[in-house]
Amino acid sequence: MAPNNAPALLDLTIDNITPNTNRINSQCKDQRLTYLMERLVTHLHDFARETRLSFDEWMTALNFLVGCGKISDDVRQEFILLSDVLGLSLLVDSINHPKPAGSTEGSVLGPFHTHDAPTLAHGANMASDPKGEPLLCICTVKDTAGKPVAGVKIDIWETDSTGHYDVQHADRDEPSERCVMESDDEGRFWFKGIKPVSYPIPHDGPVGKLLERLGRHCWRPAHLHFMFEKSGWDHLITSLYMRGDPYETSDAVFGVKQSLIVDLDKVDKAAAEKYDIKEGSWLLNHDFVLTSQKETEKLRDEKAVEALGKLGLRMKLVDHLPVPELD
Ligand code: BEZ
Ligand code: FE
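Rules of the game
- Residues numbered from 1 in each chain as written.
- Chains lettered and ligands numbered in written order.
- Predicted model: local features only at pLDDT ≥ 70, side-chain atom pairs only at ≥ 80, totals over all residues.
- Heavy atoms only, no water.
- Near = heavy atom within 4 Å.
- Polar contact = N/O pair within 3.5 Å; in protein donor to acceptor, adjacent residues only side chain to side chain.
- Areas by Shrake-Rupley, 256 points an atom, 1.4 Å probe, with all protein chains shown as cover.
- Helix = DSSP H or I, 4+ residues; strand = E, 2+ residues; numbered from the N terminus.
- Buried < 20%, exposed > 50% of the residue type's maximum accessible area, 1.4 Å probe, protein only.
- Domains from an automatic or database assignment.
- Pairing = 2+ DSSP bridges.
- Phe/Tyr/Trp six-rings, centres within 6.5 Å; stacked < 30°, edge-to-face > 60°.
- Lys NZ or Arg CZ within 6 Å of the ring centre and 35° of its normal.
- Contact = heavy atoms within 4.5 Å.
- Core = buried A, V, L, I, M, F, W, Y, C linked by side-chain atoms within 4.5 Å.
- Donors = N, O, S within 2.8 Å, 3.2 Å for Na, K, Ca; no water.
- Tetrahedral: all angles 85-135°; square planar, octahedral: opposite > 155°, others 65-115°.

1. Details of the site of ligand 1
- Close contacts around ligand 1 come from L81, D84, G110, P111, F112, Y165, Y199, I201, R220, H223, H225 and V253, and that covers them all.
- The contact in question runs from an oxygen atom of ligand 1 to an N or O atom on the side chain of R220, over 2.6 Å.
- The contact in question runs from an oxygen atom of ligand 1 to an N or O atom on the side chain of H223, over 3.0 Å.
- Its free accessible area being 260 Å², ligand 1 has 100% of it covered by the protein chains.
- When contributions to the shell around ligand 1 are tallied by element, the ones reaching two or more residues are α4 (78-85) and β7 (223-229).

Below you can see the structure in the form of structure tokens.
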């Protein structure tokens, strides 16, 4: 035995490196971390064995990750981008936030949410881009029984008319095209912005080069981002996508769902007067449906048990997360 009762690691081979790596990691006291590492090592090693991964390919992959690190900073998040284009972000969101029928589905967060958006009163204009086409959004937040949910904090963000978020402008001195609102007693919130446009995700770094090598484009269809937060309610990160966008069915980060595609209307004379916006501006009416934390946790647990059962794994849930059931 090696120090600390670790197994002796000697003469490791293609065939025994995996169980031995897992054995030494299994000294970890954290059951969940042990399980995550056991699965990660097993899948990574199987990947190398199955593909007969070459030394050059392995080095290319490591240099790719180094490149992702080098280009990243507080506002450039290349690793989030990588997770997004690999479909991992959407997958993790879907596992964590299962939705009962009729509730608003989630979508990818992306790297452009910030914490400095101003809190605005209902009806305020969050956009300062004079070239954007004015858009009035009138929304409600309800529960799955149709009851309004008051006091929900709602973060909203979108690009300017050139397809850039404010943080992508080097000379940004204050937040723009983003705000925070709170739903009123009837679950309503309304604001002005601009008609969203399609835009390319940042593609001047390693992730962009990867997409190019894969023959994929880097565009996202036009959308508005929303994040809903209230204690006792499942945290909802979602987006609304404008119907008919050329990238509707080929989003570079897999965020579009049928239920999140919306039609825009035009503001009529009465609404123009009521909401102080030009008649004929774009209009979006949308009702969001939140699920309670309890509802979501129950559904997530049920789905976890079902999925693990299908894989033939003997697991138990600890804090709603699977770990192996040990005899
Ligand atoms: C976004 O919608 O802001 C976004 C999502 C994923 C990657 C890049 C941007
Ligand atoms: Fe976006």
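2. Considerations on unusual backbone geometry
- Positive phi outside glycine occurs at F254, with the angle close to 65°.
- Relative to the helices and strands, F254 is located in the loop between β8 (236-242) and β9 (261-262).
- Judged by relative accessible area, F254 falls into the partly exposed class, the value being 38%.
- Non-glycine residue H320 carries a positive phi angle of around 70°.
- By the secondary structure assignment, H320 is in the loop between β12 (315-318) and β13 (321-324).

3. Describing the domain arrangement of the chain
- Parsing the chain into structural domains produces domain 1 (1-53) and domain 2 (78-291).
- One C-alpha centre belongs to domain 1, the other to domain 2; they are set 42 Å apart.

4. A word on the pairing of β8
- Among the 7 residues in β8, 7 count as buried, and that is most of the element.
- Here β8 shows two buried faces, one formed by L236, T238, L240 and M242 and the other by I237, S239 and Y241.
- In terms of strand pairing, β7 meets β8 through 6 bridges, oriented antiparallel. Bridging from a neighbouring strand, H223 pairs with Y241 of β8.
- Connecting the antiparallel pair β7 and β8 is a turn made up of 6 residues, with G232 showing a positive phi of about 90°.

5. Brief notes about the packing of aromatic side chains
- Evaluated as defined, the whole model comprises 13 aromatic pairs.
- Seen from their ring centres, Y165 and Y199 are 5.4 Å apart, and the 90° between their planes marks the pair as edge-to-face. In this pair, Y165 sits in the loop between β2 (153-157) and β3 (178-182) while Y199 sits in strand β5 (residues 199-200), placing the two residues 34 residues apart along the sequence. In this structure, Y165 and Y199 share a single accessibility class: buried.
- Pairing W190 with Y275 gives two aromatic rings, centres 6.4 Å apart and planes at 75°, and the pair type is edge-to-face. Remark: Y275 occurs in helix α7 (residues 269-275) and W190 occurs in strand β4 (residues 188-194); sequence separation between them is 85 residues. Residues W190 and Y275 agree in their burial class; the two are buried.
- Chaining the aromatic ring pairs together yields one cluster made of F189, F191, F226, F228 and F288.
- The ring of W282 has K266 sitting right over it, with the charged end atom 4.4 Å from the ring centre.

6. Digging into the environment of V41
- Position of V41 relative to the elements: it lies in helix α2 (residues 31-51).
- By relative accessible area, which is 9% here, V41 ends up buried.
- Taking the C-alpha atoms as reference points, V41 and L136, separated by 95 residues in sequence, lie 50 Å from one another.
- If we ignore the near neighbours within four places in the chain, the residues touching V41 are T18, T21, N22 and N25.

7. Some remarks on the side chain of R178
- With respect to the secondary-structure elements, R178 resides in strand β3.
- Reaching out from R178, the side chain makes a polar contact with the side chain of T114 at a distance of 3.2 Å.

8. A word on the nonpolar core
- Among the nonpolar cores identified, the biggest contains 27 residues, and I156, F189, F191, F226 and F228 are the most heavily contacted of them.
- Only β1 (134-142), β2, β3, β4, β7, β8, β9 and β11 (282-289) provide two or more residues apiece to this core.
- Listed in part, the 11 residues of the second largest apolar core include V108, V207, L211 and C218.

9. What about α4?
- Most of α4 is tucked away, with 6 of its 8 residues classed as buried.
- Within α4 the residues assigned to the buried category are E78, L81, L82, S83, D84 and V85.
- Turning to α4, the residues buried within the fold contact α3 (55-71), α5 (88-96) and α6 (206-213).
- Following α4 by one or two positions, G87 adopts a phi angle in the positive range, close to 80°.

10. A closer look at the coordination of the iron ion (ligand 2)
- Coordination of the iron ion (ligand 2) by the protein involves Y165 (OH), Y199 (OH), H223 (NE2) and H225 (NE2), with metal-donor separations of 1.8 to 2.1 Å.
- Of note is the iron ion (ligand 2), whose 6 donor atoms meet at the metal with angles of 55 to 165° in an arrangement that counts as irregular.
- Spacing between the donor residues of the iron ion (ligand 2) along the chain follows Y-x33-Y-x23-H-x1-H. For the pair H223 and H225, a shared accessibility class is recorded, and that class is buried.

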